[in-house]
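Each chain, written out:
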Amino acid sequence: MALIADYLVQGGQMLLILLLAPLLTGWVRALKARLLRRRGPSLLQPYRDLLKLLRKEVVLADSASWLFRVAPYLIFAAIWVAAALVPTFASGLPFSWTADLIAIVALLGTARFFLALAGLDVGTSFGGIGASREMMIASLAEPAMLMMVFTLSLLAGTTELSSVARFMLTANVGLRVSLALALMALMIVAIAENARIPVDNPATHLELTMVHEAMVLEYSGRHLALIELAASLKLLLYLSLLGCIFAPWGMATAGESLTAYLFGVASYLVKLALGGFLLALFETSIAKMRVFRVDQFLSAALMLGLLGALLLFVSRSL
Amino acid sequence: MNLTIMPLSILLGLSVALLTLGLYAITVLRRSGCSRQIYSISLVMCVILLGLALAHLLSTPAPVTLTLPLGLPWLGVHFRLDALSAFFLIVVNLGGAVASLFALGYGQHERAPERVLPFYPAFLAGMNLVLLADDAFTFLFAWEFMSLSSWALVMAHHREPANARAGYLYLVMACFGTLALLLAFGLLAGPNGGYDFATIRADALTPGLAALALILVLLGTGSKAGLVPLHVWLPLAHPAAPSHVSALMSGVMTKVALYGFIRIVFDLLGEPVAWWWGGLVLALGGITAVLGVLYALMQHDLKRLLAYHTVENIGIIFIGLGLALAFQGSQMYASAALALTAALFHVFNHSLFKSLLFLGTGAVLTATGERDMERLGGLIHPMPWTALAFLIGAAAISALPPLNGFVSEWLTFQAILLTPELPQWLLKFLAPTAGALLALSAALAAACFVKAFGITFLGRPRSPDAARAYETDRYSLTAMFILAALCLLAGILPGLVVDGLGPVVGLINGGAQLPAQHSQPWLSLAPVADVKASYNGLLVLLFMGFSAVLAAMLIHRFASGRIRRGPAWDCGFPDANPATQYTAGSFAQPIRRVFGSVVFQAREQVMMPPPGDGRAAHFEAKLRDPVWDYGYAPITQAVITISTRANHLQYLTIRRYLSLVFGALVLLLLGMVLWR
């Protein structure tokens, strides 16, 4: 019985993040509009957009191959699985050991690989520019992320996220320089990976500086809906990751009572709302960066991550 | 003859039979259909060799040895089959079998079969004999045989000037490597000349001599495997050979070189006596991995790109081996077992996906006659199956889950995470740096294979040849899909491979190996302990498949499944000219700017004529190869200068020659006196 309940909670988490992801995107958009003194769309607008796109027919370029049609499903599946493996409101769920943090990073890499290929598939210059820049950004963001994983793993003695979250809740963590460095690295990576200002602009089209939007320019209908949903899921994943590692308070442990779970969900929602608010605030207060400045921004993340790991190699108390 | 040495003698017999097959090939060269005959016999022999090696590894009996009264009279010829050689025999013969199957179709297109057929089985035989050799003489003989037969295969299309240069450079580097190994064996054998491996294993060297031997072995095997800075010949020679031979050279022969390194350093030298051994190998591996992939990103030639990627993967394997040496130096055998398992797993993986990618390139080459990516494109339409196989290989080599490349890199990362327990400070700093380099090379590899697959197979054809491409034959497709299936299987069932590697690791790691994985729940991989980390490729695949299929079914059932074809959108300005697409050069431009401006001193020059001027605009990207420019070019220059000077010696009078001889004699005698 307890086993079935555990599986139900796991399934519930998968569904929860799928349903929450567009809301988070809508929340960030609405906040950004408010901060710019616009009225902005309703919080539910992303759901309406997705439904509209799903019901429309797909206009497929003549030169598109089977890969172009398969890629959206693969990208969506990879990101959904990755997001479902990050503890959100409860740690230690039945499948939490399926993949550790390194594997989650690599799953995001799988999604990126297919998205970049889809960008190249139709054979237009916009798709190419997006794919090539995305891979340049990823070539720095992914190592930075892995360095952050190293730092965490040296502290917690594991790369498995549930155990990391539980370790962070224990009293002997305290304030550490290495964790601060890791947090900064993860935030920079999160901004870059989610195509946010100052690396990329999620609201722009027809601009030569765009990266993510350039890759998906040829997509329409249900394919576009899946890719948009995957992008929302990715944003949710990074905010959940920040919450689970650096603010695991309120998270339930598998097998606890229903009230603990409810408390976990409530605290998770608060964390997401706060994360979205901080993101919107940051995005409105900074200008977009030139593409060839992005590498310096991301190299800083890589160096911060490496420094954090090296500090721990020097002394476990730093 | 007793039963225990049966498998070894059959293995030997088959290796010799492969040699005879090479000789036989010479006699039937003129007959039609001889190519198919030779390749099918090679295929059968490789499959039998593979089966025997697999049976030996899985049954894990004691090592088997055999001495034949051949060769040097006081030494004889020693052979031995143990877990380590059995594992590498599997790698070699799996690669050999698949390459032979591919060649059943591909070999029909060969322009000069008489330059390939005799050497191909001989090359396979040479590699098998290296793995079975149990004394220095046999080892070096087989090693040279392997080098020379592969050199002959590199020179198969010798009329192309680039190939002649590649062959020459390969020959020079192969001779250098063998010289280093010869000296290393001289040190190992000691003053008594105990050249058989059993004697070498029993004798311990002084720390200084052992270190010298390690450096010589690194030079000898590193030059064959493609360790930076000894890699210069590899990206020239591997692409020059016919594609199935390129697959063997890159996927398999580099592994034989790694076998040489592991056999000598981990088995014959015994315990690492100094902690810096691991540090040296680790640093070389890290540099090799990043430089290799950066070189690869700058290439437009598909085969050369793959060859540079071999350099990268050799670096990753050396990172694992370096970690293992470091752990062994501090008597941490459990951690060393993890590092060794990671390295050997990557050896197996790389032999799978690199062979697959080279075979795919061979299919592209026969279909279009092109290796230059700037003239390819859109091949996914005429060659859907080749494209699918190549895509699986590309995803596997980019270390993407749930395929196999990810598992071995994950294991390497887990091994790096154990390094804080090492007592040496320098290693403590080196290990996370090597981790950063490994992460960087993995991310860059993904960029590189988006480029390789995207520019070659996606988009629109960039030349008439690419537009006329056709799907390759069934033999070649079968060969590629066998490898692709193995890439997937090793990725989702990594526990079985790790268990298979257990006895190999135990043999070279003082008996310590990873805990058995097959009893893990859900076939997970948990190399250290459950709390440390675990990974389950099978579940990741199932979850991904389930979510993708569920999404597709729901959308098609309840939303819309309609499709309308139309011209590309491209922000309203689609251009029918395929030259408006992104090219290999433009795809690599951001990375060239970010990394290349430091490493390769990349400079871009745009010549834009003023408005009204009818001349074409011109773009040029200049790269410098630091290893060649600062390493090899000065050496070449010095050799030329010295030999030009020495040339004068040829025009002396007899009187001067005699005084030269006299002077040399006096000098040598003086030297002798001083030495005493």
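What counts and how
Residues numbered from 1 in each chain as written. Chains lettered and ligands numbered in written order. Predicted model: local features only at pLDDT ≥ 70, side-chain atom pairs only at ≥ 80, totals over all residues. Helix = DSSP H or I, 4+ residues; strand = E, 2+ residues; numbered from the N terminus. Rg over C-alpha atoms; globule rule 2.2 N^0.38 Å. Buried ≥ 20, exposed ≤ 12 C-beta atoms within 10 Å, placed from the backbone. Contact = placed C-beta atoms within 7 Å. Nonpolar A, V, L, I, M, F, W, Y, C, P; charged D, E, K, R; others polar. Pairing = 2+ DSSP bridges. Axes fitted to C-alpha atoms, helices over the stretch in contact; angles between N-to-C directions. Parallel < 35°, antiparallel > 145°, perpendicular 65-115°, else oblique. Left-handed = near helix turned anticlockwise from the far one by under 90°. pLDDT = per-residue confidence, 0-100. Expected span 1.5 Å × (residues − 1).

### Describing the overall build of chain B
So, point 1. A count of helical and extended segments in chain B gives 23 helices and 5 strands.
So, point 2. Computed over the C-alpha atoms, the radius of gyration of chain B is 26 Å, within 12% of the 26 Å expected from 2.2 N^0.38 for a compact globule of 676 residues.
So, point 3. Looking at chain B residue by residue over its 676 residues, the buried ones come to 55%.
So, point 4. Within chain B, residue pairs in contact and separated by at least 24 positions form 79% of the contacts whose partners lie at least 6 positions apart.

### Looking at the overall build of chain A
So, point 1. Scanning chain A for helices and strands turns up 11 helices and 3 strands.
So, point 2. Counting helices and strands in the order they occur from the N terminus, chain A gives α-α-β-α-β-α-α-α-α-α-α-β-α-α.
So, point 3. The C-alpha radius of gyration computed for chain A amounts to 19 Å, which stays within 12% of the reference 20 Å derived for 318 residues, consistent with globular compactness.
So, point 4. Of the contacts formed within chain A by residues at least 6 apart in sequence, a portion of 81% connects residues at least 24 apart.

### Side note on the interface of chain A and chain B
So, point 1. Opposite the 74 residues of chain A that make contact, chain B presents 71 residues.
So, point 2. Secondary-structure elements contributing two or more residues to the side of chain A that touches chain B are helix H2 (45-55), strand S1 (58-61), helix H3 (66-84), helix H4 (101-121), helix H5 (125-156), helix H9 (221-246) and helix H11 (291-314) of chain A.
So, point 3. Examining the composition of the side of chain A that touches chain B, we find that 18 residues originate from one element, H5(A), more than from any other.
So, point 4. The residue makeup of the side of chain A that touches chain B, split by class, is 45 nonpolar, 17 polar and 12 charged.
So, point 5. In this sheet, strand S3 (residues 563-566) of chain B lies alongside S1(A) in parallel orientation, the contact comprising 4 bridges. Looking at the pairing, A:Val59 lines up with B:Arg564 of S3(B).

### Regarding unusual backbone geometry
So, point 1. Residue B:Pro229 is reached from B:Val228 by a cis peptide bond, and omega for that bond is 5°.
So, point 2. When you line up the elements, B:Pro229 lands in the loop between helix H8 (207-225) and helix H9 (234-240).
So, point 3. Omega for the bond connecting B:Pro401 with B:Pro402 falls within 30 degrees of zero, at 5°, which places this linkage in the cis form.
So, point 4. Along the chain, B:Pro402 falls in the loop between helix H14 (384-397) and helix H15 (404-416).
So, point 5. Phi angles above zero are rare outside glycine, and A:Ala195 is one such case at about 55°.
So, point 6. Of note, A:Ala195 is situated in the loop between helix H7 (177-193) and helix H8 (212-215).
So, point 7. For A:Ala195, a count of 22 C-beta atoms within 10 Å corresponds to the buried category.
So, point 8. The backbone of B:Gln331 shows a phi angle near 60°, a positive value even though the residue is not glycine.

### A look at the environment of B:Ala445
Residue and element names in this part refer to chain B.
So, point 1. Along the polypeptide, Ala445 turns up in helix H16 (residues 425-457).
So, point 2. Judged by the 27 C-beta atoms lying within 10 Å of it, Ala445 falls in the buried class.
So, point 3. Residues contacting Ala445, with those up to four places away along its chain left out, are Val293, Glu312, Ile397, Ser398 and Ala399.

### Some words on the packing of helix H1 (residues 6-28) of chain B against helix H4 (residues 119-132) of chain B
Residue and element names in this part refer to chain B.
So, point 1. At a minimum axis distance of 7 Å, the contact between H1 and H4 shows a crossing angle of 155°. Regarding the angle of H1 to H4, the classification is roughly antiparallel. Seen along the crossing, H1 lies across H4 with a hand that is left-handed. On H4, the residues touching Leu11, Leu12, Ser15, Leu18, Leu19, Leu21, Gly22 and Ala25 of H1 are Phe119, Pro121, Ala122, Leu124, Ala125, Asn128, Leu129 and Leu132.
So, point 2. Across the contact of H1 with H4, the residue classes break down as 13 nonpolar, 3 polar and no charged.

### With respect to the confidence of the model for chain B
Residue and element names in this part refer to chain B.
So, point 1. Per-residue confidence for chain B averages 90 on the pLDDT scale, and 98% of its residues sit at or above 70.
So, point 2. When mean pLDDT is taken per element in chain B, H14 scores highest with 96 and H1 scores lowest with 80.
So, point 3. The complex prediction reports pTM at 0.95, with the ipTM value standing at 0.95.

### Describing the packing of H5(A) against H7(A)
All names here are of chain A.
So, point 1. Running from N to C, H5 and H7 cross one another at 150°; their axes reach a closest spacing of 9 Å. By the angle between their directions, the pair H5 and H7 is classed as roughly antiparallel. Of the two possible hands of crossing, H5 and H7 adopt the one that is left-handed. Here Ile137, Ala141, Ala144, Met145, Met147, Met148, Thr151 and Leu152 of H5 come into contact with H7, specifically with Ser178, Ala182, Ala185, Leu186, Ile188, Val189, Ala192 and Glu193.

### Regarding helix H12 (residues 302-329) of chain B
So, point 1. The end-to-end C-alpha distance of H12(B), which contains 28 residues, comes to 41 Å, matching closely the 40 Å that a straight helix rising 1.5 Å per residue would cover.
So, point 2. B:Gln331 sits one or two residues past H12(B) and shows a positive phi near 60°.

### Quick notes on the pairing of strand S4 (residues 603-607) of chain B
All names here are of chain B.
So, point 1. With 0 of 5 residues buried, S4 is to be regarded as a mostly surface element.
So, point 2. The pairing of S4 with strand S5 (residues 618-622) spans 5 bridges and is antiparallel. Within S5, the residue paired with Glu604 across the bridge is Ala621.

### Overview of the environment of B:Glu271
So, point 1. With respect to the helices and strands, the residue B:Glu271 is situated in the loop between helix H10 (243-268) and helix H11 (276-297).
So, point 2. For the pair B:Glu271 and B:Leu665, spaced 394 residues apart in sequence, the C-alpha to C-alpha distance is 43 Å.

### Things to note about the environment of A:Thr158
So, point 1. Structurally, A:Thr158 is set in the loop between H5 and helix H6 (161-169).
So, point 2. For A:Thr158 and A:Ile75, which are 83 residues apart along the polypeptide, the C-alpha to C-alpha distance reads 28 Å.

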